[in-house]
Amino acid sequence: MLLSKSKLLCQNTALILKNKHSWTLPIGNDTSINIFNCVTKKKEPLIVTNKEAVTWYTCGPTVYDSAHIGHASCYVKVDIIQRILKQHFGLNLITCMNVTDIDDKIIKRAGELKVDYQELSRKYEKEFWNDLKSLSICEPNIIVRVTENIPLIISFIKQLIQHGAAYKASDNSIYFDVSKSPYPPGKLQNISEDYPDSTNPHKKSPADFALWKSTKYDGEPHFISPWGKGRPGWHIECSALASHIFGSEIDIHAGGLDLRFPHHENEEIQSCVFHGKCQWVNYWLHIGHLHFKDSVKMSKSLKNTLSIEDMLKSTKPEVFRMACAKGRYTTSMEFNSDLLETATNSLNMFKNFIVTITEVKRGIIKPCLNNIVLAELLATSVKDIHTAFCDGFNTPHVMQVLNNIVSKINSMLHSSTNSAENFCEMHYLLGLTNVVINTLGMFGIDLIGSKSVIQSDGESELIDLLVSFRQDVRNLGLADKNVDILTLCDNLRDKLKSHGLTVKDHGKVSSWSR
């Protein structure tokens, strides 16, 4: 229920005097996760109000142009965290994303191209969802478009006016009066007094922001409101739509680091006034920027972007996801050849590991396994992965754990002591393999269904015959200690590698992988 105007303002004044930028630990279920809180500037326990229906809102695209890889890194990292919450911690996550399909940038671009703004926005929204699908990003449970929910937004603004927290200015636009908020601006980020659009003469204060923008010229796309023709401001869209879906309290609200101020700051300010409380979002989750060398961030306005479609022409989606998983979600990431090469090498290492395990299961490699060592490795790895996930979704440390698993198993499998006589049970080995497969699966990287691992039956049989023939010839060379034969086998191995096939010798047995 909404508070009365006088009671709300009294409550807000008291809260400002008590603690201008407070954060309250929610009441509910402790997930055992600690995440960085931009209000307290430290890690806090992640408490969800109801683990059977955890609410998550993500700021979506403004669809006036192709999405770039800066957007891709943000949404991939959000997707990875959501998968971890659902698959590792067993939370029933309800996700929502908005689509801004009316905006100054959309109107301007449509005018430049001489097309209807709706045609333009539909085109780029379709492209956006195709891009996300190509990166194996799960689509949100709920998608809300601004143009389909104008009455909701108008109703939200009406309530703010009734609370005395918004005013109609001389330009016929409606502005939020920041002086009526439960706290001064700067809750989510330390800010100066140099506010965006601070030169607007129609506002009472530089910190005030538009809730409803009146039309500037005849023919401008608009909607009818009690205040005349116009369209919603940017910040009010997310507040109204997220409140309509999730109500007066949201567990997690995510977006790029550049949205923390002013977008998220203003969302929080107006939503707290609307709902009559000092905390609308319990946890703000901000993704670090992706940038090129010497760039602050990737931005269309800076003309330093690379579209997702163009990036995927030379980079596999799983390589990009691997690159994202190897860094913490809060930190920035530089997009360069070294980043992609490192991610590619990691991915290939895991793929080759799966191929090797397949050879073990088929009996081609007959290892001598130290199950005492493997049992301890399995127990510590599972524990370390869980601890890392609890530590602010520390995916880089998880990658280190997986690397350690592969390294130790490979050294054991490729030991010269391996033979058919030393073969023993494999349950710990396969248990560790499942840890690798399932954990990378949470990162959206499918090792089992990868085309780079699984070839067509005909192709696999042909390569099997070739590798088997080389193996037999090599064994003859080993038995006779014939250097010439062994050299020929090594030369064939090197030539196969130049064609994308890696052949490994395990004593007298050979295996191959892409």
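Residues numbered from 1 in each chain as written. Predicted model: local features only at pLDDT ≥ 70, side-chain atom pairs only at ≥ 80, totals over all residues. Heavy atoms only, no water.

Is there a simple way to think about a negative patch on the surface in this case?
Negative charge collects at one region of the surface, where Asp294, Glu334, Asp338 and Glu341 lie side by side. The residue Glu334 is located in strand β14 (residues 333–334) in this model. (Patch = residues over 30% accessible without salt bridge, like charges linked within 9 Å, V, L, I, M, F, W, Y side chains within 5 Å. Areas by Shrake-Rupley, 256 points an atom, 1.4 Å probe, with all protein chains shown as cover. Salt bridge = Lys/Arg side-chain N within 4 Å of Asp/Glu carboxyl O. Lys, Arg positive; Asp, Glu negative; His and termini not counted. Charge placed at Lys NZ, Arg CZ, Asp CG, Glu CD. Helix = DSSP H or I, 4+ residues; strand = E, 2+ residues; numbered from the N terminus.)

Even after reading the chapter, I still don't get the nonpolar core, so can you show me in this structure?
One recurring pattern in soluble globular proteins is that nonpolar side chains are buried together. Ranked by size, the top nonpolar core spans 136 residues in total, and within it Leu85, Phe393, Leu402, Leu440 and Phe443 carry the most contacts. The element best represented in this core is helix α2 (residues 69–88), accounting for 10 residues. Apart from the residues within four sequence positions on either side, Leu85 is in contact with Ile33, Leu46, Trp56, Gly90, Leu91, Leu93, Ile252 and Phe393. In this structure, Ile463, Leu496, Leu501 and Val503 belong to the second largest nonpolar core, which totals 6 residues. (Core = buried A, V, L, I, M, F, W, Y, C linked by side-chain atoms within 4.5 Å. Buried < 20%, exposed > 50% of the residue type's maximum accessible area, 1.4 Å probe, protein only. Contact = heavy atoms within 4.5 Å.)

It is not clear to me how helix α7 (residues 260–275) should be interpreted in this structure. Could you clarify?
Every α-helical turn comprises 3.6 residues, leaving residues that sit three or four positions apart pointing alike. Most of α7 sits out of view: 16 of its 16 residues are buried. In the segment just after α7, Gly276 is the residue with positive phi, at about 70°.

Would you take a moment to explain the packing of helix α5 (residues 150–162) against α7 for this structure?
A packed helix pair is summarised by two numbers, namely the angle formed by the two axes and the spacing between the axes. Orientation of α5 relative to α7, taken along the N-to-C sense of each, is 70°, at an axis distance of 9 Å. Classified by the angle between their axes, α5 and α7 sit roughly perpendicular to one another. Listed contacts from α7 to Phe156, Gln159 and Leu160 of α5 are Gln270, Ser271, Val273 and Phe274. Residues belonging to the contact of α5 with α7 are distributed by class as follows: 4 nonpolar, 3 polar and no charged. (Axes fitted to C-alpha atoms, helices over the stretch in contact; angles between N-to-C directions. Parallel < 35°, antiparallel > 145°, perpendicular 65-115°, else oblique. Nonpolar A, V, L, I, M, F, W, Y, C, P; charged D, E, K, R; others polar.)

Explain the sheet that holds strand β10 (residues 228–232) here, please?
Within a sheet, each strand pairs with its neighbour through backbone hydrogen bonds, oriented either parallel or antiparallel. Strands sit in the order β6-β7-β8-β10-β9 across an open sheet of 5 strands; the sheet is antiparallel. The sheet terminates laterally at β6 (166–168) and β9 (223–225), the two strands that pair on one side only. Across the sheet, the axes of successive neighbouring strands diverge by a mean angle of 35°, strand direction being ignored. Here strand β7 (residues 174–176) runs beside strand β8 (residues 209–214); their pairing, made up of 3 bridges, is antiparallel. Looking at β8, one finds that Ile174 is bridged to Trp212. (Pairing = 2+ DSSP bridges.)

How should the sheet that holds strand β5 (residues 142–145) be read in this particular structure?
Spatially, the 5 strands line up as an open sheet ordered β5-β4-β3-β11-β12, and their pairing is parallel. Pairing within the sheet leaves two strands with one partner each, and these edge strands are β5 and β12 (281–287). Mean inter-strand twist for the sheet, computed between neighbouring axes without regard to direction, equals 20°. Bridge count for strand β4 (residues 93–99) against β5 is 4 bridges, and the pairing is parallel. Bridged to Cys96 within β5 is Ile142. Those strands touched by α2 are β3 (54–58), β4, β11 (250–256) and β12, and its axis lies near 175° from that of β3. Against the sheet, α7 engages β11 and β12, with an angle of about 165° to β12.

Help me out: how do you make sense of the packing of aromatic side chains in this one?
The description of an aromatic ring pair rests on the distance of the ring centres and on the angle between the ring planes. Scanning the entire structure with this criterion turns up 10 aromatic pairs. Summarising the aromatic geometry, the rings of Trp23 and Tyr283 are spaced 5.6 Å apart at their centres and angled 65° between planes, so their arrangement reads as edge-to-face. Of this pair, Trp23 sits in the loop between α1 (5–18) and β1 (29–37) while Tyr283 sits in strand β12, placing them 260 residues apart in sequence. Comparing Trp23 with Tyr283, the two get one shared label, buried. We note Lys204 situated over the ring of Tyr167; from NZ or CZ to the ring centre the distance is 4.5 Å. (Phe/Tyr/Trp six-rings, centres within 6.5 Å; stacked < 30°, edge-to-face > 60°. Lys NZ or Arg CZ within 6 Å of the ring centre and 35° of its normal.)

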